[in-house]
Amino acid sequence: MSQEQMEKIVALAKRRGFVYPGSEIYGGLANSWDYGPMGAQLRKNIKDSWWRTFVEEREDMVGLDGAILMNPKVWEASGHLTTFNDPLVEDKITHKRYRADHLIEEVLGESTTGMTIEAMGELIKERNLKSPEGNELTEPKHFNLMFNTFIGPVDSEAEKVYLRPETAQSIFVNFKNVIDTTRMRVPFGIAQIGKAFRNEITPGNFIFRTLEFEQMEIEYFIEEDKWEELFETWLTSMKNWAVQIGLDADKLTDLEVSKEELAHYSKRTIDLEYEFPFGVKELWGLAYRTNFDLASHQEHSGETLTYTDPQDNKRKYLPHVLEPTFGVDRTLLALLVTAYEEEELEGGDVRIVLRFKPEIAPVQVAIFPLMKKDELMSLSGSIYQNLKKMFRTDFDEGGSIGKRYRRYDEIGTPYCITVDFDSLEDSSVTVRERDSMTQERVNISDLGKWLGSRINQ
Ligand code: GAP
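Bear in mind that the values here come from a model prediction, so they are computed numbers and not experimental data.

Chemist: Sorry if this is basic, but what is going on with the overall build of the protein chain here?
Modeler: Broken down by element type, the protein chain carries 15 helices and 23 strands. Across its three principal axes, the protein chain shows a C-alpha extent of roughly 80 × 65 × 50 Å. Here the protein chain holds 457 residues, and the buried ones make up 50% of them. Taking contacts inside the protein chain between residues at least 6 apart in sequence as the whole, the part at least 24 apart equals 65%. For the protein chain, the exposed surface amounts to about 22000 Å²; the carbon and sulfur share of it is 48%.

Chemist: Mind showing me how you'd approach unusual backbone geometry here?
Modeler: For residues that are not glycine, phi is negative in most cases, and the peptide bond is trans in most cases. In this chain, V186 is followed by P187 through a cis amide linkage whose omega measures 5°. The backbone of S23 shows a phi angle near 50°, a positive value even though the residue is not glycine. Relative to the helices and strands, S23 is located in the loop between β1 (19–21) and β2 (33–35). At N128, a position not held by glycine, the phi torsion is positive, near 55°. As for its position among the elements, N128 is in the loop between α6 (117–126) and β6 (141–144). Residue N128 is classed as partly exposed on the basis of its relative accessible area of 48%.

Chemist: Looking at this model, I keep getting lost on the sheet that holds strand β10 (residues 212–222). Mind explaining?
Modeler: The strands that make up a sheet are held in pairs by hydrogen bonds between backbone atoms, and each pair lies either parallel or antiparallel. Spatial strand order, β3-β9-β10-β16-β13-β12-β11: seven strands in an open sheet with mixed pairing. Strand pairing shows two members of the sheet lacking a second neighbour, β3 (61–64) and β11 (252–256), which therefore form its edges. Averaged over all neighbouring strand pairs, the angle between strand axes comes to 25°, with direction disregarded. Pairing between β11 and strand β12 (residues 268–276): five bridges, direction antiparallel. Bridge pairing links D254 to L272 in β12.

The rules behind each value
- Residues numbered from 1 in each chain as written.
- Predicted model: local features only at pLDDT ≥ 70, side-chain atom pairs only at ≥ 80, totals over all residues.
- Heavy atoms only, no water.
- Helix = DSSP H or I, 4+ residues; strand = E, 2+ residues; numbered from the N terminus.
- Buried < 20%, exposed > 50% of the residue type's maximum accessible area, 1.4 Å probe, protein only.
- Contact = heavy atoms within 4.5 Å.
- Areas by Shrake-Rupley, 256 points an atom, 1.4 Å probe, with all protein chains shown as cover.
- Pairing = 2+ DSSP bridges.
- Axes fitted to C-alpha atoms, helices over the stretch in contact; angles between N-to-C directions.

Just geometry here; none of it tells us what the structure is for.
Dropping the structure here:
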């Protein structure tokens, strides 16, 4: 898949109400995006499927919904204040900023794995590396990716707070609360869906890397000696869910993150990468965070966060943690690029279709009265009201049936129903299936069951 394909997907996303450029009527805001009606529904479907699979259908998981603003000491303890940095260089003329490591890798072709920021500075000087505009670069310096703001009317350091760069920390700081208020016992996990913010130096590739995004994260608390076995189990569960929502298993690969590139808290990380039109890039991650976070919060807060083994009441320990982490926006993008197809039809026509799984499709059923005649509108209206209670259903009376099919193909609706004059006589309708484009007459009284057996698989 090419960059050209990506442009077509971005255009479709705008045309059909999946993703709009942020603040568009004011000329936009770089790298910010708004999700339109189709995008908002698709995001919800992704999150619902994730929550059902990883929380509701399991006995060893509970949910949490923590605040975005947290006590700044959290970020001191988590290490984000000191280590959540990227090496930044600035064009001395245009003042545009770049990731030093990315420039070195892309322009000089040198790996920066394990390279210190000082060594990057040396290399830039030695090889006379310039900015993409051809100008001198500044010395690389550490740039912290956390956004900050101030509580109250005065912008003083004492009132400074950060927008969370990951949702994980509210899970760690609530570990004791969850243990004390539920019957969860190790091994168990806490799941959370929520917004995270990063002042990325080089955002881009549509919704792939943005400043504001949503994460779906799990912290799975375990005994230390179980981590290797459970790491594999979680990797499999993540891949199974990918297939369940309609991602392509052949486009999903594991990248073992090298020791030098591991985040400060991780002993092992696998990036689950996906084939996007702009290259193979990180989609989700699985990390073994040891008990780094609980230990650090225990030390910084002075609160005991140890867990008492219910089998042996004397044994107290700080559980270790496996962290499967998923980005909602990247999942949505991966679904869009996987589902997108331009299909050549007989006669040379091309139709654009999103082949979403029915479970995930923003609109599952569309009802079309053949014409805007009272009898047809009335019968279609009652079918619509009835099916709306069971499926995400739309009603569309505009344009030829062919045009309506194309419209709903472009948002990935798996079933379109036409109500025609025969329907008034035989109480049946024509159901057209998106992928095969086959049509079948189905009795109106059987529609709910007929669609249910195909949509709720
Ligand atoms: N708690 C661990 C953590 O935050 P991460 O690999 O930095 O790990 C997890 O982020 C996931 O969040 C990524 O795999 C990706 O799906 C998503 N993500 C991270 N940064 C992002 C960004 N700037 N824009 C969109 N999604 C992002």
